[in-house]
Amino acid sequence: MDKKESARLAYVLETALNIFVRYGYKKTSIEDISKAAGITRQGIYLHFKNKDEIFSASIQKALDDGLQFADQILEDDHLTLEEKLFQALDEWYGRHVGFLHPEASDLVAQCERVLGGAVENSSSSFQKKLEQVILASSGKNTKDVKKRAATIADMLCTCALTWKHRLSSRQEFQEKLCDAIHLCCQDLRD
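Per chain, residue numbering runs from 1 following the sequence as it is written. Under the rules for a predicted model, residues below a pLDDT of 70 receive no local features and side-chain atom pairs below 80 are neither given nor counted, while totals for whole chains, interfaces and linings still include all residues. Side-chain measures here rest on the full set of heavy atoms in the structure, leaving out hydrogens and waters.

(A) Structural view of the side chain of Ser 34. Helix and strand definitions here come from DSSP, where helices need a minimum of 4 consecutive H or I residues and strands a minimum of 2 consecutive E residues; each element is numbered from the N-terminal end. Within the fold, Ser 34 resides in helix H2 (residues 30-37). Polar contacts, as counted here, are pairs of nitrogen or oxygen atoms within 3.5 Å of one another; within protein the pair requires one atom able to donate a hydrogen and one able to accept it, and residues that are adjacent in sequence qualify only if both atoms are side-chain atoms. Within polar-contact distance, the side chain of Ser 34 engages the backbone oxygen of Glu 31 at 3.0 Å. Those residues in contact with Ser 34 that sit more than four places away from it in its chain are Ile 39, Thr 40, Arg 41 and Ile 44. In this description, contact between two residues means that some pair of their heavy atoms is separated by no more than 4.5 Å.

(B) Looking closely at the packing of aromatic side chains. Note on aromatic contacts: the rings of Phe and Tyr and the six-membered ring of Trp form a pair at centre separations within 6.5 Å, being stacked when their planes are under 30 degrees apart, edge-to-face when over 60 apart, and tilted otherwise. Scanning all chains against the criterion turns up five aromatic pairs. When the centroid spacing of 4.9 Å and the interplanar angle of 80° are considered together, the rings of Phe 20 and Phe 55 count as edge-to-face. With a gap of 35 residues between them, Phe 20 in helix H1 (residues 3-23) and Phe 55 in helix H4 (residues 51-74) connect regions that are remote in the sequence. You'll find Phe 20 and Phe 55 in the same group, each marked buried. In textbook terms, an aromatic cluster arises when at least three aromatic residues are bridged by ring pairs, as seen for Phe 20, Tyr 25 and Phe 55. In this scheme, Lys NZ or Arg CZ marks a charge over a ring once it lies within 6 Å of the ring centre and within 35 degrees of the ring normal. When the ring centre of Tyr 25 is taken as reference, the NZ or CZ atom of Lys 51 above it lies at 4.3 Å. Remark: exposure states derive from per-residue accessible area (1.4 Å probe, protein chains only) relative to the maximum for the residue type, with buried under 20%, exposed over 50%, and partly exposed in between.

(C) Summary view of the UniProt feature "domain: HTH tetR-type" (unreviewed entry) in the chain. UniProt positions are given in the numbering used here, feature names are shortened, and annotations may be inferred rather than shown by experiment. According to UniProt, the feature "domain: HTH tetR-type" (unreviewed entry) maps to residues 6-66 in the numbering used here. Between the C-alpha atoms that bound residues 6-66 there is a distance of 18 Å. The span itself is 80% helix and 0% strand.

(D) Region of the structure containing the UniProt feature "DNA-binding region" (unreviewed entry) in the chain. Under the UniProt annotation, "DNA-binding region" (unreviewed entry) lies at residues 29-48. Across residues 29-48, the secondary structure splits into 75% helix and 0% strand, with the terminal C-alpha atoms separated by 13 Å.

(E) Quick peek at the side chain of Thr 15. Topologically, Thr 15 is positioned in helix H1. Separated by 2.8 Å, the side chain of Thr 15 and the backbone oxygen of Tyr 11 make a polar contact. What Thr 15 contacts, discounting residues up to four positions off in sequence, is Ile 33, Ala 36 and Ala 37.

(F) The environment of Leu 161, seen in detail. With respect to the element layout, Leu 161 can be found in helix H8 (residues 143-166). On a C-alpha basis, the gap between Leu 161 and Trp 92 in space is 9.4 Å, while along the polypeptide they are 69 residues apart.

(G) Spotlight on the layout of surface pockets. Throughout, the protein atoms alone are placed on a 1 Å grid, and a set of points is a cavity if a 1.4 Å probe fits but cannot get out or a pocket if it is open with protein on both sides within 12 Å along at least five of seven lines; lining residues have an atom within 4 Å of a point. Grid points are joined across faces, edges and corners, and a volume is the space filled by probe spheres set on the points. Volume-wise, the largest pocket comes out at about 950 Å³. Taken together, 29 residues make up the lining of the largest pocket; nearest its centre are Val 108, Val 119, Leu 161, Lys 164 and His 165. Ranked by the residues each element gives to the lining of the largest pocket, the list is headed by H8, at six residues. Under the convention adopted here, Pro, Cys and the residues Ala, Val, Leu, Ile, Met, Phe, Trp and Tyr are nonpolar, Asp, Glu, Lys and Arg are charged, and Gly plus all remaining residues are polar. Considering only residue class, the lining of the largest pocket consists of 15 nonpolar, nine polar and five charged.

(H) Highlighting the nonpolar core. As used here, the term nonpolar core means buried Ala, Val, Leu, Ile, Met, Phe, Trp, Tyr and Cys residues forming a set that is joined through side-chain atoms within 4.5 Å. If you look at the biggest cluster of nonpolar residues, it comprises 55 residues, and the most contacted ones within it are Ile 54, Leu 85, Leu 89, Phe 126 and Leu 130. At the level of secondary structure, the elements contributing two or more residues to this core comprise H1, H2, H4, helix H5 (81-92), helix H6 (107-115), helix H7 (118-138), H8 and helix H9 (170-189). If sequence neighbours within four positions are ignored, Phe 126 has contacts with Leu 67, Ala 70, Ala 88, Leu 89, Trp 92, Tyr 93 and Cys 157.

(I) Local environment of the pattern of salt bridges. Any carboxyl oxygen of Asp or Glu that lies within 4 Å of a side-chain nitrogen of Lys or Arg is treated as forming a salt bridge with it. Tallying each qualifying case throughout the model produces nine salt bridges. By sharing partners, the salt bridges in this structure join Glu 14, Lys 61 and Asp 65 into a single network.

(J) Geometry of the packing of H1 against H4. In this description, a line fitted to the C-alpha atoms serves as the axis of each element, helices being fitted only across the stretch in contact, and the angle between N-to-C directions of two axes falls anywhere from 0 to 180 degrees. Contact geometry of H1 with H4 gives a least axis separation of 9 Å together with a crossing angle of 100°. Taken together, the axes of H1 and H4 lie roughly perpendicular to each other. Where H1 approaches H4, its residues Ala 10, Val 12, Leu 13, Glu 14, Ala 16, Leu 17 and Phe 20 are matched on the opposing element by Lys 51, Ile 54, Phe 55, Ala 57, Ser 58, Ile 59, Lys 61, Ala 62 and Asp 65. Looking at the contact of H1 with H4, its residues break down into 11 nonpolar, one polar and four charged. Note on angle classes: values under 35 degrees are labelled roughly parallel, values over 145 roughly antiparallel, values of 65 to 115 roughly perpendicular, and the remainder oblique.

Structure below.
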């Protein structure tokens, strides 16, 4: 697949994800996706056998992109620990604040049905990356510091996930996230 075709496919998957998030799995048709992406239904079927396949590919692309962006942020040596945590958590969770439309309440069940544990695996991988960055910033590698890094990563992810679903604006999410990270990093300095 050449770059142009790869970019077109990425656009179709991003468009599909937006349609699924807006209308839910059951109410979204291949026709809806093809119209929104500006491609024929036959063009969709050249790449995907059915709605499950395009749904799975669109979710997996979002997960992979999120992990890739998080990796770039967490590996940036020009950022402080707080900046790394903020940007990575905002990229992983914050970009989805208010994203899920109430009509799309069936998406979680469909993700589990179609993707199995892929979403949970990606989330666990993301949390493990946070834990490693926190641990590396402490300069120590004792059992107590490892446990503390794991607890901080778990707390931040749990809070961010809750706020992602509860809050209506990304700005409010970012404000709460900034406070939580500051409190956790203060604990690391103690």
